[in-house]
Amino acid sequence: MSSTVHPDSVAIAQAAKAAFEESQLIPSSERVVALEAIRNELEARKTEILDANRKDMIAAQAEVDAGRLSESLLKRLDLNRGDKWDAMLQGVSDVAALPDPTGCVSYATTLDDGLELYRVSCPIGVLLVIFEARPEVVVNIASLAVKSGNAAILKGGKESVRTATLLAQAIQAGLSKTQIPGTYIQSIHTRAEVSSLLELDQYIDLVIPRGSNSLVRSIQNSTRIPVMGHADGLCHVYVDASADFAKAQRVVLDSKTDYPAACNAAETLLVHESLLTILWPDLARSLTSAGVTLLCDPSTLAAAAPLASDLIRAANPASTYTTEHLSLTLSVAAVPSVGAAIKWINAHSSHHTDSIVTEDEGAASAFCRGVDSAGTFVNASTRFADGFRYGFGTEVGISTGRIHARGPVGLEGLVIYKYMLRSKAASGHIVGEFGSGAGKKQYKHKPINASSVPF
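Residues numbered from 1 in each chain as written. Predicted model: local features only at pLDDT ≥ 70, side-chain atom pairs only at ≥ 80, totals over all residues. Heavy atoms only, no water.

The name given to the protein in an unreviewed UniProt entry is glutamate-5-semialdehyde dehydrogenase, with the source organism recorded as Fistulina hepatica ATCC 64428. Word for word, the UniProt comment on the protein under Sequence similarities (unreviewed entry) is "Belongs to the gamma-glutamyl phosphate reductase family." Recorded in UniProt under Catalytic activity (unreviewed entry), the annotation for the protein is "L-glutamate 5-semialdehyde + phosphate + NADP(+) = L-glutamyl 5-phosphate + NADPH + H(+)". (UniProt positions renumbered as here; feature names shortened; annotations may be inferred.)

So, in structure tokens, the structure goes:
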């Protein structure tokens with residue numbers, strides 16, 4: 001162990017590992033009880049938590065005014081915005097109501113008479129989750145961790161420290177009323193703690209950074225622990241030659257303007273060249289009327305010139321199409337075909353979520369198969385890429401990687417599996433009895449119809 005690892009971090013990691021191991025012998029039904037207790041504690045502490053959030057917002061606004069924090073992060077911080085508080089609580093209940101993701105059999109076979117093998121879903125272990133700004137993520141991740149049987153250590157952004165601290169305290173208070181240890185969910189607040197924990201691969205099983213590409217890369221380069229990256233959302237909408245105008249207008253506007261600071265908001269619009277004079281000008285007018293700044297390539301800029309809008313500007317080819325704006329700014333380019341759109345997206349996107357607007361089934365099929373992203377949509381807003389909207393209750397984040405979990409990561413993304421083998425023979429089973437020689441047994445490999453392990 002490195003001498004730079006702080007003893008307090010070791011204690012946190014050890015407590016998490018011990019809580020995880022203890023919880024594996026607790027009935028899974030107790031996880032539902034725990035989530036109900038957590039929701040009750042959050043409701044009881046609402047006034048205190050929202051007051052802390054207002055203080056975080058005031059401090060964050062000062063950082064925005066000083067140019068040290070972006071407006072998009074400020075918006076993500078606000079727990080009083082719209083129905084965010086109620087949605088956060090509903091997410092806890094929704095997760096509690098989901099089927100138990102553990103103990104599910106995905107493979108079962110008889111190796112020999114009385115020798116049965118099962119592949120069974122189980123928790124990953126201890127999660128270290130690092131995220132930026134949004135304080136409700138504390139509750140989202142804690143809910144998923146508890147339901148999936150994983151312990152978690154959570155690190156939010158410094159901008160939300162007051163809110164996140166009280167949310168974590170409410171969660172631990174809820175857990176203390178159940179059989180699940182209070183140290184099952186812990187929170188940390190400093191980068192030094194993160195740096196120390198990233199060295200403790202003997203206690204922590206998976207790191208989930210949720211934020212910018214720079215954050216994800218920094219974490220990946222700083223640890224031996226497996227990392228499930230949740231990075232930028234450089235999402236595209238491609239309007240195909242056969243697109244219906246009204247449909248294109250609805251999908252594009254919602255993808256960009258519903259919540260521009262979200263990672264599933266569209267950042268680039270691709271328009272088929274045949275639409276430059278018959279659909280694109282009206283679509284550009286709708287977008288600028290909604291306050292969207294359009295950064296256009298030469299073709300789309302020329303076609304939109306008659307609108308004479310200050311919100312229509314020339315793109316910078318070196319940076320425009322690789323920028324996650326997180327605001328009412330949209331990059332625009334023209335492409336000659338669906339094939340060209342697919343190549344453009346695969347070259348420029350963050351492989352998050354991309355959508356096509358088309359009436360051509362062939363184009364839709366090619367787009368969905370050809371675009372290498374976690375989500376490929378047809379005639380639907382990119383904003384649908386969300387664990388809650390998918391029916392996952394909530395999400396840890398949206399994975400743009402290619403490991404076992406991709407897209408919105410809910411309960412299924414937080415479980416792995418183990419193999420359970422049991423002999424029912426009076427003398428047990430040994431490998432030496434099997435082989436190709438005389439008197440040797442042959443493996444039967446006969447499937448078993450099983451939805452749960454019978455022991």
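## A closer look at the packing of aromatic side chains
Remark: the centre distance and the inter-plane angle together describe each pair of aromatic rings, the angle taken between the planes. All told, the structure shown has 5 aromatic pairs when counted by the stated rule. Relative to F392, the ring of Y390 has its centre 5.7 Å away and its plane inclined at 85°; by these criteria the two rings are edge-to-face. Here Y417 and Y419 contribute two aromatic rings whose centre-to-centre distance is 5.7 Å and whose plane-to-plane angle is 85°, an arrangement assigned as edge-to-face. By relative accessible area, Y417 is classed as partly exposed at 44%. Using a relative accessible area of 47% as the deciding quantity, one classes Y419 as partly exposed. Just above the ring of Y259 sits the side chain of R81; from NZ or CZ to the centre is 4.4 Å. Over the ring of Y417 we find R119; its NZ or CZ atom is 5.3 Å from the centre of that ring. (Phe/Tyr/Trp six-rings, centres within 6.5 Å; stacked < 30°, edge-to-face > 60°. Buried < 20%, exposed > 50% of the residue type's maximum accessible area, 1.4 Å probe, protein only. Lys NZ or Arg CZ within 6 Å of the ring centre and 35° of its normal.)

## Quick look at the nonpolar core
By size, the foremost hydrophobic cluster in this structure holds 70 residues, and its most contacted members are L42, L128, V146, I153, L175 and I185. When residues no more than four places from it in sequence are discounted, the contact partners of I185 are A142, A145, V146, A152, L154, I171, Q172 and L175. L275, L279, L294 and I312 belong to the second largest nonpolar core, which has 26 residues in total. (Core = buried A, V, L, I, M, F, W, Y, C linked by side-chain atoms within 4.5 Å. Contact = heavy atoms within 4.5 Å.)

## Here's the deal with the environment of T4
Here T4 shows up in the segment before α1 (7–23). A relative accessible area of 55% places T4 in the exposed class. Along the sequence, T4 and T277 sit 273 residues apart, while their C-alpha atoms lie 62 Å from each other. When sequence neighbours within four positions are dropped, the list of residues in contact with T4 reads S196 and E199. (Helix = DSSP H or I, 4+ residues; strand = E, 2+ residues; numbered from the N terminus.)

## Focus on the sheet that holds strand β9 (residues 293–296)
Across the sheet, 7 strands lie side by side as β10-β9-β11-β8-β7-β12-β13; this open sheet has parallel pairing. The open sheet has two edge strands with one neighbour each: β10 (312–314) and β13 (375–378). Averaged over all pairs of adjacent strands, the angle between their axes in this sheet comes to 25°, without regard to strand direction. Sheet strands in contact with helix α11 (residues 280–289) are β7 (235–239), β8 (266–272), β9, β10 and β11 (329–335), and its direction is about 140° off that of β9. Where helix α13 (residues 338–348) meets the sheet, it contacts β7, β8, β11 and β12 (353–357), and its direction lies at approximately 170° from that of β7. (Pairing = 2+ DSSP bridges. Axes fitted to C-alpha atoms, helices over the stretch in contact; angles between N-to-C directions.)

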